[in-house]
Amino acid sequence: MKLKSAAIRSVARDRKRTIITAYLFDDSGLMKAMWFNQPYLIERLHEGAEYVLSGKVKRDRGGGLVMMSPEFEAGSAGGLHTGRLVPIYRETAKVSSKWLRRRIADAMPAAQLMSDLVPESVAARQRLLPLPVAIEQAHFPESQEQAAEARRRIAFNQLLTVQVSVLTNRAEREKLVAPAIPYDVERAVAIRDALPFDLTNAQRKAAHAIFNDMAEPRPMARLLQGDVGSGKTAVAAMAAAMVARAGHQTLLMAPTEILAQQHARTLKPYLDPLGVRMELLVGSTPAKARESILASLESGGLDVLVGTQALIEETVRPASLGLVISDEQHRFGIAQRQALGQRGSHPHVLSMTATPIPRTLQLTLMGDLSVSVLDEMPPGRIPVETRLVKPASRDAANRFVREQVAKGLQVFVICPLVEASEAIQARSAVGEYERLSNEVFPELRLALLHGRMKPAQKDATMEAFKARDYDILVSTSVVEVGVDVPNATVMVIEGAERFGLAQLHQFRGRVGRGGHRAYCLLFSDTEGQEENRRMQAMVDHSSGFDLAEVDLQIRGPGDVLAATGAQHGETGYSGLMVAGLLDARLIAAAREEAERLITEGLDHYPELARAAVDLDLAGTIN
């Protein structure tokens, strides 16, 4: 379009703001373009010159066409920012997509010099673009199809490296020697019969797979993945009992004292009838009791030790370690998990999680783990009804809470903050506790729980709530895992949009554990499209496995990987933002090619081998 005229004019109602108005025309007619607070543009716009503009076109009040704050470039063909498919990058306050496009364009010649990890034979079989072409088409695509092919090519590079790393780790682990735990069928039956309930089919299959794995003289590496309340601890108890039968010991590490204590309480009635000796070791264990426990473990007088990170300390010396169990394994740092798994000889390793991992993620980062899934709930478990509560319905929700308490039942109220913050507009546990106590439910008994309280104080509060001394517990996310209050039937979550889907599902799993019908009430302070999708997913799906897939679709693989791999200040591996973890077909192709290359010998592909070693996924999946 040619520029007809341009002018700077001030807006009378706001003299601090200026508007550049330009009138442009082509064969189709006249259009107006407007920019705000960019007076320097008057020097860049020249009457009679040709420009290509990119932006949204609207009708102004007079019916004419207007384009607000468009990108523009001189000439009739466009260039870096207009007249073509233009990439949008993640931006910061000081780094814009436009700035990045210029720098990437300047650096593009270097793409011709990039070394390619993918062998030519693999690229030919998979019909992949040459890497330099893919790099250029990813940033400056000629078409949507070329952009998709470029992403596929770059994704394959990443996935092939991951698969080589995963398969190499598995091969190295299979060279190690672990204590073989005989699969004693009579003992297995006795263990099963000692449980105070019937196992689900999924639990039976998982226990059978674990027993078979541990019977081999190489370290088991199995992930036990089960939804909240699916019975993972019972399966862990069966494994520990079988290990004890063989004369070896088990360490079970949980990420928090609350969860470790919960495991100890749950395991005791399972293990006591079998004569399995168990103790609990956490940071708050008194010094004298700690000394006695450690001495018993070192002398072989203890079969199972449950604890927190205290289990990785040098003073913890099992006499004969046969099995290491880590619960909610993604919450531990890489070094912590490795240290626990390397105690004694090379023990069998069972990782448990109630945070379902998307199937495609299992095929990539956890591809060298055997996976058991508890996809059945114990009989009689009623799904929690989830409701999204609008602000106008808050009074009705409060009446519902009062009705539940009147029936002798209890309620959780979860807040995203401990105390009010000027920087973050969200309800705090302290503020909500005071508001509910004084204004909403003055006749009810309320308690407060958050992470800044001393461990003894937290434990006392939680035990009092379980004992029904309180009707409502106002808390932060410290109740996400390890809290079992059978009498609690309502989970109220304030600022629900501030929590991830996995967290919300964990919160929801804290209620409905006693056979009563239970409810989860989600209060959201925003109406953003992504937040609404997440909240609606909670309403629509009761399965954590379904939610994990939805979470991957909404957040993308980069965020999911960072969340599952980066803990305690460690980086983890979150570089698969290009590699579509939803593309199971591409993952399978990468795995097939990795297996072929390893069979041929990675010494023929030294750069790929080095990249796989540098990736070092071993720590993220132990």
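Residues numbered from 1 in each chain as written. Predicted model: local features only at pLDDT ≥ 70, side-chain atom pairs only at ≥ 80, totals over all residues. Heavy atoms only, no water.

Draft legend 1. Local environment of the nonpolar core. In terms of nonpolar packing, the biggest core is built from 44 residues, with Met214, Leu271, Leu323 and Leu350 touching the most fellow members. At the level of elements, α5 (185-194), α6 (201-214), α7 (232-245), α8 (257-271), β11 (304-307), β12 (321-327) and β13 (348-353) are the ones that each hand at least two residues to this core. Among the elements that line this core, the one with the most residues is α7, at eleven residues. Every residue in contact with leucine 271, bar those within four places of it in the chain, is listed here: Ala237, Ala241, Val276, Met278 and Val304. (Core = buried A, V, L, I, M, F, W, Y, C linked by side-chain atoms within 4.5 Å. Buried < 20%, exposed > 50% of the residue type's maximum accessible area, 1.4 Å probe, protein only. Helix = DSSP H or I, 4+ residues; strand = E, 2+ residues; numbered from the N terminus. Contact = heavy atoms within 4.5 Å.)

Draft legend 2. Seen up close, empty space enclosed by the protein. For the structure on display, the rule yields four cavities of 30 Å³ or more. A volume near 90 Å³ is recorded for the largest cavity. Elements with a minimum of two residues in the lining of the largest cavity: α12 (394-406) and α13 (429-440). At four residues, α12 tops the list of elements feeding residues into the lining of the largest cavity. (1 Å grid on protein atoms, 1.4 Å probe; cavity = no way out; pocket = protein on both sides within 12 Å on 5 of 7 lines; lining within 4 Å. Points joined across faces, edges and corners; volume = space filled by probe spheres on them.)

Draft legend 3. Local environment of the layout of surface pockets. In this structure, the largest pocket spans a volume of roughly 810 Å³. Looking at the largest pocket, it is lined by 33 residues, and the ones nearest its centre are Gly229, Gly231, Arg381, Asp484 and Arg513. The set of elements that each furnish at least two residues to the lining of the largest pocket consists of α7 and α8. Of all the elements, α8 adds the most residues to the lining of the largest pocket, at five residues. Tallied by class, the residues present in the lining of the largest pocket amount to eleven nonpolar, 14 polar and eight charged. (Nonpolar A, V, L, I, M, F, W, Y, C, P; charged D, E, K, R; others polar.)

Draft legend 4. Representation of α13 within the structure. The set of residues buried in α13 consists of Ala429, Val430, Glu432, Leu436, Ser437 and Val440. Tucked into the core, α13 has its buried residues touching α12, β16 (410-414), β17 (446-449) and β18 (472-475).

Draft legend 5. Geometry of a nonpolar patch on the surface. Taken together, the side chains of Tyr23, Phe25 and Leu30 make up a nonpolar region of the molecular surface, amounting to roughly 260 Å² of accessible area. Tracing the sequence through the fold places phenylalanine 25 in strand β2 (residues 14-26). In this structure phenylalanine 25 comes out as partly exposed when scored by relative accessible area, which is 35%. (Patch = residues over 30% accessible without salt bridge, like charges linked within 9 Å, V, L, I, M, F, W, Y side chains within 5 Å. Areas by Shrake-Rupley, 256 points an atom, 1.4 Å probe, with all protein chains shown as cover. Salt bridge = Lys/Arg side-chain N within 4 Å of Asp/Glu carboxyl O.)

Draft legend 6. Broad picture of the side chain of serine 230. Looking at the element boundaries, serine 230 is found in the loop between β8 (221-226) and α7. Since its relative accessible area comes to 0%, serine 230 is described here as buried. Among the polar contacts listed, one links the side chain of serine 230 to the backbone oxygen of aspartate 227, at a separation of 2.7 Å. Once residues lying within four places of it in the same chain are set aside, the contact partners of serine 230 are Gln203, Leu374, Glu376, Met377 and Pro378. (Polar contact = N/O pair within 3.5 Å; in protein donor to acceptor, adjacent residues only side chain to side chain.)

Draft legend 7. Representation of the pairing of β8 within the structure. Most of β8 is tucked away: six of the six residues are buried. Residues Ala221, Leu223 and Gln225 point to one face of β8 and Arg222, Leu224 and Gly226 to the other, with burial holding for every one of them. Judged from the five bridges that link them, β8 and β13 form a sheet pairing that is parallel. Bridge assignment links leucine 224 to a residue of β13, and that residue is methionine 352. As paired strands, β8 and strand β14 (residues 370-374) are joined by five bridges and run parallel to one another. Note on β14: the bridge partner recorded for arginine 222 is serine 370. (Pairing = 2+ DSSP bridges.)

Draft legend 8. Quick peek at the pattern of salt bridges. By the definition in use, this model includes 22 salt bridges. For lysine 268, the salt bridge goes to aspartate 272, with nearest N and O atoms at 3.1 Å. Ionic pairing is found between aspartate 303 and arginine 277, a salt bridge with its closest N-O pair at 3.0 Å. Pair noted here: aspartate 303 is in the loop between α9 (287-299) and β11 and arginine 277 is in the loop between α8 and β10 (278-281), with a separation of 26 residues, a long-range link. According to the relative accessible area criterion, aspartate 303 is buried, its value standing at 8%. Of the residues examined, arginine 277 reaches a relative accessible area of 41% and is grouped as partly exposed.

Draft legend 9. Quick peek at the sheet that holds β12. In spatial order, the strands read β10-β11-β9-β12-β13-β8-β14; together these seven strands make up an open sheet with parallel pairing. One side of each edge strand has no neighbouring strand; the edge strands of this open sheet are β10 and β14. Adjacent strand axes in the sheet meet at a mean angle of 20°, parallel and antiparallel pairs treated alike. Where α7 meets the sheet, it contacts β8, β9 (249-253), β11, β12, β13 and β14, and its direction lies at approximately 170° from that of β12. Sitting on the sheet, α9 touches β9, β10 and β11, and the angle it makes with β10 is about 135°. (Axes fitted to C-alpha atoms, helices over the stretch in contact; angles between N-to-C directions.)

Draft legend 10. Layout of the confidence of the model for the protein chain. Mean pLDDT over the protein chain works out to 81, with 82% of the residues at or above the 70 mark. Considering only residues more than four positions removed or in separate chains, one finds that residues 330-337, a stretch of pLDDT under 50, has 36 contacts. Here residues 618-622 is modelled with pLDDT under 50, and outside its nearest four sequence neighbours on either side it reaches 21 contacts, counting other chains as well. (pLDDT = per-residue confidence, 0-100.)

Draft legend 11. The arrangement of the sheet that holds strand β15 (residues 385-389) in detail. An order of β15-β20-β19-β16-β18-β17 is seen for the six strands of this open sheet, with the pairing classed as parallel. The two strands at the open ends of the sheet, each matched to only one other strand, are β15 and β17. Here the average twist between neighbouring strands, direction ignored, is 20°. Here α12 sits on the sheet and contacts β15, β16, β18, β19 (488-493) and β20 (519-523); the angle it forms with β20, its principal contact strand, is near 155°. This element, α13, spans β16, β17 and β18 of the sheet and lies at about 175° to β17.

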